[in-house]
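# A closer look at the structure
Chain by chain, the residues:
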Amino acid sequence: MRNAHLLIIAANAWGVSAFTTPAAFHTTGTGTSSSRLFNNVMEGTYTTLFDQVNVALGLQQTDFTATYLNGGTSWTCPMTGSKGTAEWYSESSPQFLTGVSKCSQVDVGGAEFSINVWMGPSYDVPNMLLKFGATADGSNCFVIADYVPRGATPLGSDASYSEAYYGGEVANAWNSAASIPGVTSLPPDMSMEFRTLYSPARIAFAGLTQADATNIATSHVQRFLSWVQSAPQVPARSRGSFNLRDDKLRQFYFRGEVQKNCAMFGPDLGMSVAAVNTGPVAEAYVGGGS
């Protein structure tokens, strides 16, 4: 069995740092695109999948992360050598989304990439969370992929919703990933706030080949995009409650990011990375940091 230990994921999942907590950090204002920074085997998948999301949803980059990163999209921790990028996108013609976060990070152990799509209150489709990456030598890849339930109806109480988004093909995707030879389950996050977002279909496996990780991540994105294109509209009278619930979900995500990144990078950099990795925590974001 391949060694399933991934330094970067172990540190992130358990909320502790493999490095000395930095006393100082700096952000850079020169970063533009998140791609082509890390020379990691999964970087091409990152670029391809974001391009698919961009084409399907018609995105435009906002200035959200610039507020936290000195006008740019990248950050560096000089004491650990860790670096990362973060971008927040909205739809050019708003229809489906609150927004999309596109983030990447590299440490001595490897690199990780994330694409999170947060739905708006007009369409009843789960939010999509996706993180994947590989060790520095590319020998061990991982994928963490989930569809976050939304709305006021508890998951399981509406059989049609559960079947549409968590049964059938989605359940089979988990079974298929878990059955890959050499695969190892990643530990759950230490943060209760992160765990609050988990669905029963959450995939979190390491010990994957590049091909396996790419296939899992690609299917996760393409399945979600197909849902969006056929998404049922939420009645206007219910959109306020959807909005409140969605804001709370992103607040939980932000708190989990704070716990994880402050443990790894200290409070100053940790808070900034948490903010840019999450995106706005209120649906009505229109520009600038909030």
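To keep things clear, this report deals only with the structure shown in the data block.

### Comments concerning the packing of aromatic side chains
Remark: the centre distance and the inter-plane angle together describe each pair of aromatic rings, the angle taken between the planes. Under the criterion given, the structure shown has 14 aromatic pairs. The interplanar angle of 75° and the centroid separation of 5.5 Å between the aromatic rings of Trp-118 and Tyr-253 together place this pair among those described as edge-to-face. One end of the pair, Trp-118, is in strand β6 (residues 110–119); the other, Tyr-253, is in helix α7 (residues 239–265), and 135 residues separate them in sequence. Pair check on accessibility: Trp-118 and Tyr-253 agree, each one buried. Between Tyr-165 and Trp-227, the ring centres sit 4.7 Å apart and the planes meet at 75°, which makes this aromatic pair edge-to-face. Remark: Trp-227 occurs in helix α6 (residues 210–229) and Tyr-165 occurs in helix α3 (residues 159–166); sequence separation between them is 62 residues. One exposure class covers both Tyr-165 and Trp-227, and it is buried. Its end group placed over the ring of Phe-50, Lys-102 keeps NZ or CZ at 4.4 Å from the ring centre.

### Focus: the pattern of salt bridges
The full count for this structure, using the stated rule, is 7 salt bridges. Lys-131 is the partner of Glu-112 in a salt bridge, and the nearest nitrogen-oxygen pair spans 3.6 Å. A residue pair is termed long-range when its members are at least 10 positions apart, and Glu-112 in strand β6 and Lys-131 in strand β7 (residues 127–135) qualify at 19 residues. Across the pair Glu-169 and Arg-223 runs a salt bridge whose closest N-O atoms are separated by 3.1 Å. In this pair, Glu-169 is assigned in helix α4 (residues 169–178) and Arg-223 in helix α6, connecting sequence segments 54 residues apart. For Arg-223, a relative accessible area of 9% translates into the label buried.

### A few points about the layout of surface pockets
To locate leftover empty space, one rolls a probe as large as a water molecule over the atoms. For the second largest pocket, the calculated volume is near 170 Å³. Asp-124, Arg-150, Thr-153, Asp-158 and Tyr-161 are the residues nearest the centre of the second largest pocket, which is lined by 14 residues in total. A class-by-class count of the residues in the lining of the second largest pocket yields 6 nonpolar, 5 polar and 3 charged.

Reading the values: rules and limits
- Residues numbered from 1 in each chain as written.
- Predicted model: local features only at pLDDT ≥ 70, side-chain atom pairs only at ≥ 80, totals over all residues.
- Heavy atoms only, no water.
- Phe/Tyr/Trp six-rings, centres within 6.5 Å; stacked < 30°, edge-to-face > 60°.
- Helix = DSSP H or I, 4+ residues; strand = E, 2+ residues; numbered from the N terminus.
- Buried < 20%, exposed > 50% of the residue type's maximum accessible area, 1.4 Å probe, protein only.
- Lys NZ or Arg CZ within 6 Å of the ring centre and 35° of its normal.
- Salt bridge = Lys/Arg side-chain N within 4 Å of Asp/Glu carboxyl O.
- 1 Å grid on protein atoms, 1.4 Å probe; cavity = no way out; pocket = protein on both sides within 12 Å on 5 of 7 lines; lining within 4 Å.
- Points joined across faces, edges and corners; volume = space filled by probe spheres on them.
- Nonpolar A, V, L, I, M, F, W, Y, C, P; charged D, E, K, R; others polar.

Functional significance is not addressed by these values, which are geometric in nature.
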